[in-house]
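Coordinate analysis (summary)
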Amino acid sequence: YHEYVVTPKQMTDEADHYCRKLQINPHLVAKFVRAPRELALKAAKEIDAARAASNQAAEDRALRLYSSAALRAVQMSRPLRTSNLIRLRHRSTLDAPTNIVWIKNGQHAEITFQAGEIKNHSKVTVHVLDHDAEILWTWINVHRPRFLELRNLSDSPYVIPGQASPRLEKDVLKLPIGCVSPSTMAELWGLGEALVGLGVTPHGCRHAIATLI
């Protein structure tokens, strides 16, 4: 276990190395920013093929791949911490507002994090547009319900549903259980990264997007 523990400095060094590669290799930048759409297209084809073959295991894997594309679609719009992606809510609860409001269905999503939800404790608004918005919309409205059904999960307000309890640095909001765990988030991200082939972690992705911006 201890061989795989990475210190914050190692994470930052790795992200800096990745950013330097992006800054001098435009073709890698193109692959990086196109990753959400490429993954979504591949996942959609695999979902159709799995359903045609009545192969639920293959359909489950393809749905998880689409969720990885949706995560990247949000991350490409603004660098976010993994914890914010885990707690991202597509609808409100009695104790917490939704993060996502659709300005135009499938074309423009406004994502708002209230003060206390992010590290610097200020309100932040993120805009997801065009293809990235289409991927997020399709995941939430088309593929997510089937994902819940296949996994026999109870519905929850989180974009990526699971069975874990969300972690908050402070009790700013009362959030219900039903999100994915950090380990599951890493697994979903890794599923997509295995196909993208750039070797970037969620932390590295966040760092790289901030650098590109």
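Just above, that's the structure.
Here's what I pulled together on the structure shown here. Keep in mind that what you see is a predicted model, and the values were worked out from it rather than measured.

The subject of this paragraph is the pairing of strand S3 (residues 124-129). Of the two faces of S3, only the one carrying Val 124, Val 126 and Val 128 is buried; Thr 125, His 127 and Leu 129 on the other face are not. As paired strands, strand S2 (residues 108-113) and S3 are joined by 6 bridges and run antiparallel to one another. Bridging across to S3, Ile 111 finds its partner in Val 126.

Glancing now at the nonpolar core. Within the largest apolar cluster, 60 residues are counted, with the highest numbers of intra-cluster contacts made by Phe 32, Ile 100, Ile 111, Leu 136, Trp 139 and Val 159. Here this core gets 9 residues from one element, more than from any other, and that element is helix H3 (residues 56-75). Ignoring anything within four residues of it in the chain, the contact list for Ile 111 reads Val 74, Leu 88, Asn 99, Ile 100, Val 124, Thr 125, Val 126, Val 128 and Leu 136.

Further remarks concern the sheet that holds strand S1 (residues 100-104). Judged by pairing direction, the sheet is antiparallel, and its 3 strands sit side by side in the order S1-S2-S3 without closing on themselves. The open sheet is flanked by S1 and S3, the only strands paired with a single partner. For this sheet, the mean inter-axis angle between neighbouring strands, taken without regard to orientation, is 25°. As defined by bridge partners, S1 adjoins S2 across 4 bridges and the pair is classed as antiparallel. Of the residues in S2, the one forming a bridge with Ile 100 is Ile 111.

Under the criterion given, the structure shown has 0 disulfides. Cys 205 provides the cysteine sulfur closest to Cys 179, a residue in no disulfide bond, and the two sulfurs are 20 Å apart. Under the relative-accessibility criterion, Cys 179 is labelled buried at 1%. When its relative accessible area of 2% is taken as the criterion, Cys 205 is described as buried.

Let's shift gears to the packing of helix H2 (residues 26-52) against helix H5 (residues 130-151). Put simply, H2 and H5 touch, their axes get as near as 10 Å, and they point 25° apart. With respect to H5, the axis of H2 lies roughly parallel. The chirality of how H2 crosses H5 is left-handed. Between H2 and H5, the residues in contact are Pro 36, Arg 37, Ala 40, Ile 47 and Arg 51 and His 131, Asp 132, Glu 134, Ile 135, His 143 and Arg 146, respectively. Here the residues of the contact of H2 with H5 are counted per class, giving 4 nonpolar, 2 polar and 5 charged.

This structure, assessed with the given rule, holds 2 aromatic pairs. Considering the side-chain rings of Trp 102 and Trp 137, the 5.1 Å spacing of their centres and the 85° angle between planes classify their relative orientation as edge-to-face. Placement of Trp 102 in strand S1 and of Trp 137 in helix H5 is noted, with a sequence separation of 35 residues between them. Positioned above the aromatic ring of Trp 189, the side-chain terminus of Arg 72 is 3.9 Å from the ring centre.

What counts, and at which threshold
- Residues numbered from 1 in each chain as written.
- Predicted model: local features only at pLDDT ≥ 70, side-chain atom pairs only at ≥ 80, totals over all residues.
- Heavy atoms only, no water.
- Buried < 20%, exposed > 50% of the residue type's maximum accessible area, 1.4 Å probe, protein only.
- Helix = DSSP H or I, 4+ residues; strand = E, 2+ residues; numbered from the N terminus.
- Pairing = 2+ DSSP bridges.
- Core = buried A, V, L, I, M, F, W, Y, C linked by side-chain atoms within 4.5 Å.
- Contact = heavy atoms within 4.5 Å.
- Axes fitted to C-alpha atoms, helices over the stretch in contact; angles between N-to-C directions.
- Disulfide = S-S within 2.5 Å.
- Parallel < 35°, antiparallel > 145°, perpendicular 65-115°, else oblique.
- Left-handed = near helix turned anticlockwise from the far one by under 90°.
- Nonpolar A, V, L, I, M, F, W, Y, C, P; charged D, E, K, R; others polar.
- Phe/Tyr/Trp six-rings, centres within 6.5 Å; stacked < 30°, edge-to-face > 60°.
- Lys NZ or Arg CZ within 6 Å of the ring centre and 35° of its normal.

That's the geometry; what it means functionally is another story.
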